[in-house]
Amino acid sequence: MSDTTTERAINREAMKVSDEVAIQITDMNKWYGTFHVLRDINLTVNQGERIVVCGPSGSGKSTLIRCINRLEEHQAGTIMVDGTELSSDLKNIDKIRSEVGMCFQHFNLFPHLTILENCTLAPIWVRKTPKKEAEEIAMHFLEKVKIPDQALKYPGQLSGGQQQRVAIARSLCMKPRIMLFDEPTSALDPEMIKEVLDTMIELAEEGMTMICVTHEMGFARQVANRVIFMDAGQIVEQNEPEEFFNNPQSERTQLFLSQILGH
Amino acid sequence: MTDTNTHGVGYVRDKMLPEKSPPIGEKGAIKWMRENLFSSKLNIFLTAISIYVIYIVLASILPWAFGGVWNAGSLTECREVLFSFYKTSHDGACWAVIEDRWLQLLFGFYPPEAYWRPILAFVLLFVALAPILFADKVPSKMMWFSLAFPFLAVWLIWGGSFWTPIFAAFGFVAGFIVLKILSKVTGPIVANLLALAAALFWWGAVMSPLSDALHKSIGAGRFDTTLAAIEARTAELPAEIAALEAAGEDKAADIAAALEEKNATVIEMAGIRVGEFAIEQQIEPKTAAFEQLDAAQESIEDLSDILTEWGRAPAATSDSEAAIAEAERAAASADTLIGNIGSLLSGALSDLEEDTADLTEVSEIMVASAAQEDASILEDVSAMVDKAELIDPLAGLIERAGSITTATTAADLAALRADVETAMAALSTNISSLETIRAKIVATNADDLEAPQAKLVSQMAGLTALRNEESSLSQEVFRVSSEATEANGFMSALASLNEREASLPQLRELTATAREQIVCKPHWLLRWLPAFLEPCPERNMINVNQLPEDATNEERGLLSIYLNARNQELSIEASVRDTYAELGRVGLAPIDSREIGGFMLALIVGVAGIVLSLPLGILLALGRQSHLFFVNKICVAFIEVIRGVPLIVWLITASLLLNYFLPPGSNFDLLLRVIIMVTLFAAAYIAEVIRGGLAALPTGQYEGADSLGLSYWQSMQLIVLPQAMKISIPGIVNTFIGLFKDTVLVVFIGLFDPIGLAGAIRADTDWNGIYWELFVFIGVLFFIFCFSMGRYSLHLEKKLQREHR
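All values reported here derive from a predicted model rather than from experimental measurement. (Residues numbered from 1 in each chain as written. Chains lettered and ligands numbered in written order. Predicted model: local features only at pLDDT ≥ 70, side-chain atom pairs only at ≥ 80, totals over all residues. Heavy atoms only, no water.)

Colleague: Mind showing me how you'd approach the overall build of chain A here?
Modeller: From N to C terminus, chain A includes nine helices and ten strands. A compact globule built from 263 residues should have a C-alpha radius of gyration of about 18 Å, and chain A, at 18 Å, falls within 12% of that. When its C-alpha atoms are laid out on the principal axes, chain A stretches across 55 × 45 × 35 Å. Relative to its 263 residues, chain A shows a buried fraction of 57%. Across chain A, every contact between residues at least 6 apart in sequence was considered, and the portion connecting residues at least 24 apart equals 70%. (Helix = DSSP H or I, 4+ residues; strand = E, 2+ residues; numbered from the N terminus. Rg over C-alpha atoms; globule rule 2.2 N^0.38 Å. Buried < 20%, exposed > 50% of the residue type's maximum accessible area, 1.4 Å probe, protein only. Contact = heavy atoms within 4.5 Å.)

Colleague: I tried to follow the overall build of chain B on my own but got confused; where do I start?
Modeller: Summing up its helical and strand segments, chain B has 24 helices and two strands in all. Whereas a compact globule of 805 residues would reach a radius of gyration of roughly 28 Å, chain B reaches 41 Å, over 25% beyond that. The principal-axis extents of the C-alpha atoms in chain B amount to approximately 115 × 110 × 75 Å. For chain B, the residues scored as buried account for 37% of the 805 residues in total. Long-range contacts, defined as pairs at least 24 residues apart, comprise 77% of the intrachain contacts of chain B with a sequence gap of at least 6. Roughly 45,100 Å² of accessible area belongs to chain B as shown, and the carbon and sulfur atoms make up 64% of that amount. Side chains of chain B carry 56 positive and 94 negative charges; the gap between the two charge centres is 18 Å. (Areas by Shrake-Rupley, 256 points an atom, 1.4 Å probe, with all protein chains shown as cover. Lys, Arg positive; Asp, Glu negative; His and termini not counted. Charge placed at Lys NZ, Arg CZ, Asp CG, Glu CD.)

Colleague: What is the right way to read the interface of chain B and chain A from this model?
Modeller: Interfaces are often sized by the accessible area lost when the parts come together. Contact residues are listed per partner, giving 20 residues for chain B and 25 residues for chain A. Summing the contributions of chain B and of chain A, the shared interface buries around 2,000 Å²; its carbon and sulfur component is 61%. When the buried area of chain B at its contact with chain A is split by residue, B:E703, B:S707 and B:L708 rank highest and sum to 29% of it. On the surface where chain B and chain A come into contact, there are two salt bridges. In this structure, the salt-bridge partner of B:E703 is A:R66, at a minimum N-O distance of 2.5 Å. (Buried area = accessible area lost by both parts, 1.4 Å probe. Salt bridge = Lys/Arg side-chain N within 4 Å of Asp/Glu carboxyl O.)

Colleague: Got a minute to help me understand unusual backbone geometry in this structure?
Modeller: What is expected of a backbone is that most residues other than glycine have negative phi and most peptide bonds are trans. All names here are of chain A. At N108, a residue that is not glycine, the phi angle is positive and equals roughly 50°. Along the polypeptide, N108 turns up in the loop between β6 (100-103) and α3 (115-125). For N108, a relative accessible area of 10% gives the class buried. Positive phi values are uncommon outside glycine, yet K175 reaches one of about 50°. Mapped onto the secondary structure, K175 falls in the loop between α5 (160-172) and β7 (178-182).

Colleague: In this structure, what is going on with the UniProt feature "domain: ABC transporter" (unreviewed entry) in chain A? I would like to understand it.
Modeller: With numbering aligned to this structure, UniProt lists the feature "domain: ABC transporter" (unreviewed entry) at residues 23-257 of chain A. Secondary structure over residues 23-257 of chain A splits into 39% helix and 26% strand, and the C-alpha atoms at its two ends are 27 Å apart. (UniProt positions renumbered as here; feature names shortened; annotations may be inferred.)

Colleague: Where do I start with the pattern of salt bridges in this structure?
Modeller: When their charged atoms lie close together, side chains carrying opposite charge are able to pair. Residues and elements named next belong to chain B. Evaluated as defined, the whole model comprises 42 salt bridges over all chains. A salt bridge links E483 to R233, with the shortest nitrogen-to-oxygen separation between them at 2.8 Å. Here E483 is found in helix α15 (residues 410-517), whereas its partner R233 is found in helix α9 (residues 188-272), with 250 residues between them in sequence. Since its relative accessible area comes to 22%, E483 is described here as partly exposed. Measuring nitrogen to oxygen at the nearest pair gives 2.4 Å for the salt bridge that ties D419 to R400. Remark: R400 occurs in helix α14 (residues 387-402) and D419 occurs in helix α15; sequence separation between them is 19 residues. Residue D419 is classed as partly exposed on the basis of its relative accessible area, which comes to 30%. On the accessibility criterion, R400 (35% relative accessible area) is partly exposed. Three or more residues joined by partner-sharing salt bridges are found here, namely R233, E236, E240, E476, R479 and E483.

Colleague: When you look at the packing of α14(B) against α15(B) in this model, what are you seeing that I'm missing?
Modeller: For any two helices packed against each other, one specifies the crossing angle of their axes together with the interaxial distance. All names here are of chain B. Interhelical geometry of α14 versus α15 gives an angle of 160° and a closest axis separation of 11 Å. Classified by the interaxial angle, the pair formed by α14 and α15 is roughly antiparallel. As for how α14 packs across α15, the hand of that crossing is left-handed. Residue-level contacts link L390, L394, L397, R400 and A401 of α14 to A415, L416, D419, V420, A423, A426, L427 and N430 of α15. Looking at the contact of α14 with α15 residue by residue, the classes come out as ten nonpolar, one polar and two charged. (Axes fitted to C-alpha atoms, helices over the stretch in contact; angles between N-to-C directions. Parallel < 35°, antiparallel > 145°, perpendicular 65-115°, else oblique. Left-handed = near helix turned anticlockwise from the far one by under 90°. Nonpolar A, V, L, I, M, F, W, Y, C, P; charged D, E, K, R; others polar.)

Colleague: I would appreciate a short explanation of the sheet that holds strand β5 (residues 84-85) of chain A in the present structure.
Modeller: Whenever strands of a sheet pair, they do so through backbone hydrogen bonds, lying parallel or antiparallel. All names here are of chain A. Pairing in this open sheet of four strands is antiparallel, and the strands run β2-β1-β4-β5 from one edge to the other. Two strands close off the open sheet at either side, each with one partner strand: β2 (35-46) and β5. Alignment of strand β1 (residues 21-32) against strand β4 (residues 76-81), held across five bridges, turns out to be antiparallel. Among the inter-strand pairings, I25 is bridged to a residue of β4, identified as I79. Running at roughly 120° to β1, helix α1 (residues 61-68) makes contact with β1, β2 and β4 of the sheet. (Pairing = 2+ DSSP bridges.)

Below, the structure written as structure tokens:
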């Protein structure tokens, strides 16, 4: 896949990785019924890290990041997010979900609410922010994703790229410490992919911890400080982007990269 | 394309084309008609057929509806008026029944002096609905009124002290307070359950003692003044009643006089129309005779067919049983036909002989009436043949028919038939000339009748006004005399109040002692308990028959002494409570559910059912989606059981069977039971409709809500339900419309809904035989409400269509 990311110089200097651990996954296993989807996943993500997860479809990438905010339940091992362990305790789940933002392939905006209402809903109801303050925050982030003029429209009136940027703004309104992206550009026209990736790069430049499932290898090369390759429910290879793309170690990774970069 | 061709392969447009208006046939009314009415041969055909059918339907309904009679005291009077306008009862509606009984159809037997209460409640209903139905146009603070409305409406309709609805509402407040306090301490489920328990405790154990205490304290203070007022009032009442009755008698005399005048007009009109009636009397028997002759002619033809088929008299052609039987059948039917021919001909003869007056009499009547204006009528009458000329040929025919046998030749039969037809032709000419004469008479009468017709109509209107006045007088008499009865009853209740109240402690003591005496036989499994803990099922019995069969007479006797004492105590207690309730009431006169009926009943049941079934249905739908095993299964079972049994069965359960399950002596209002049943029934359907909406929602919406950290109830309230409900609007409104119409089923459990009242009205001799007018009225009332609901649903769907997926 070609590079669709920005031509401007990316400020990698700003993307500092701290020593503080944001996510710690230890020996995590997950089954769908009897199907073993995730096998012995071990992953530590530090605060400020940008991690790109790639791999063939069905390899468990989406399931992995959906486990991090408990959209999927894991059956064995532990997941610690910001020092809180994910268990069936509803309070912990709600706490983690409000700290972890997530963007979906199909945006999952609420079609019956305006863009502004989409953005202020969670701050008002979960964080108990006063409405006026929530709206100010929402407008701030909408400006950041460059669509403040669409605030009073409904999601159905926006293009796919704009909707995805609203989805990012909606997550940011909760002031999350971690952002998860689940194939955020897969459902977009090529023209719109760039505007979403630009937004994500800006976010990375501000030091946001990000885990991103994507096939945008250009983005991975420019922004990620680690690329993880998954296949058959396990982490096959992880490395710094330069090393990962130029010198893949495992055969499976080499095959995958040759297929997606080959044309 | 052409551009490319003329300019070669390479082509660049240098000027964009301007907008043009479409051709004439492609815009406006012409386009609409061409597309919608005449788009194809089939469409043209259907358009023509539809217009014709609409014409036929309207041509029969509109004259009936708009040519109806509004002023009449009974169906007979309706027919009188219709007849005076040359109409039969099929050509004109008798709306007078609606004019006479519309209040009853609307309110049932609700006391007329309190009509303002349901009317006010109805008007306030719309005020309360406004913030819900048109949330974007009405200030949201109005919601407080909407929340208070149910309590206000119940109080307005059923009456009672003003604090009752406030106390009832406080049950919700109590539940809410408990919920608010506990939800921080315990989990949401425990908090909800305890809140429910608190509300139930308030309604069940606190509310009515508190209300009784208020009644008592207010009542005790008022005792003397009330007694004095009632005594004064009772002294006035007989005179008032007498005055009203005297006025009623005057009115009755007025009505009798007006009736006489009306009858005079009717007679006057009959006098004008006497010529017409005379001709009518000529036409009727002749038409009957004509029909008989026609039948005779057909019988001759049939006979001739049979005889021709068999050659002559039917006889068996072979010895086989079948052949013999067939010949016998043919002979028998030939004989029957021969008999018929004779009797039909004689019937015709006797019709003509007995019923038709002599033409000379008709002439005389004509001279006296119509012929004065149109001399040609008399000429026409005299030009007509005398009845003898019609009768004479028939005598000959009868003789010839008498001689018919199976041996008569076909030629003879044909000759006979031809002669019968000749007689028919003569009759038919006669009838048609009579009809011509009648038409002339009607034409001459038309002018003369105009004045009396107008007079009759105005007399009828006057009569109706008088009757209305009389009926309001008699209503007033009824009201005042029942007030007198109540006042007397209340006076004696007040007189004995202190005594009854004083007797209560003693009665309680008696009951307690009798209770102690009862022989206890606890279950053998529980006998090891210490004596004061041993349960005594006998002490909770309400009937001696509940004792086991081997109980001794002494045991039975002791139980029955206790039961009698207890019943007496309870009834005295209740009577004291009732007297205080009456004495200490600050509010509206109480009205019993049995008095509520008519369209008002349908509205009460319908609106209550709609308002209550929606939240219940939502909860059931969410329960059915739940992952909690028991919540899920209980909801599924509830929905399936309620849905799987006809509503009428549930209503009958509510009216009859529920009594067996309720504690004895509890007087659970029938109307309330009906509302509960209708609500449960509708909720099961609503639940399924909303489940459809929930299922149609993409899982991404749930995930989106979850990922933002919204709790289950928050995501339901803010994300899932608004969208699911929007999808379900048509289904929900459809269910509501069905529920509203199904309220007429309460007629089967003895409530007087509009249909039941229609039956009651027809049972009145005045209106016996009226169907259409009553049902049209009821149908129109229902239609207005159901149609409005349907329209509102369309409006809502359009309004919410902004988000297109």
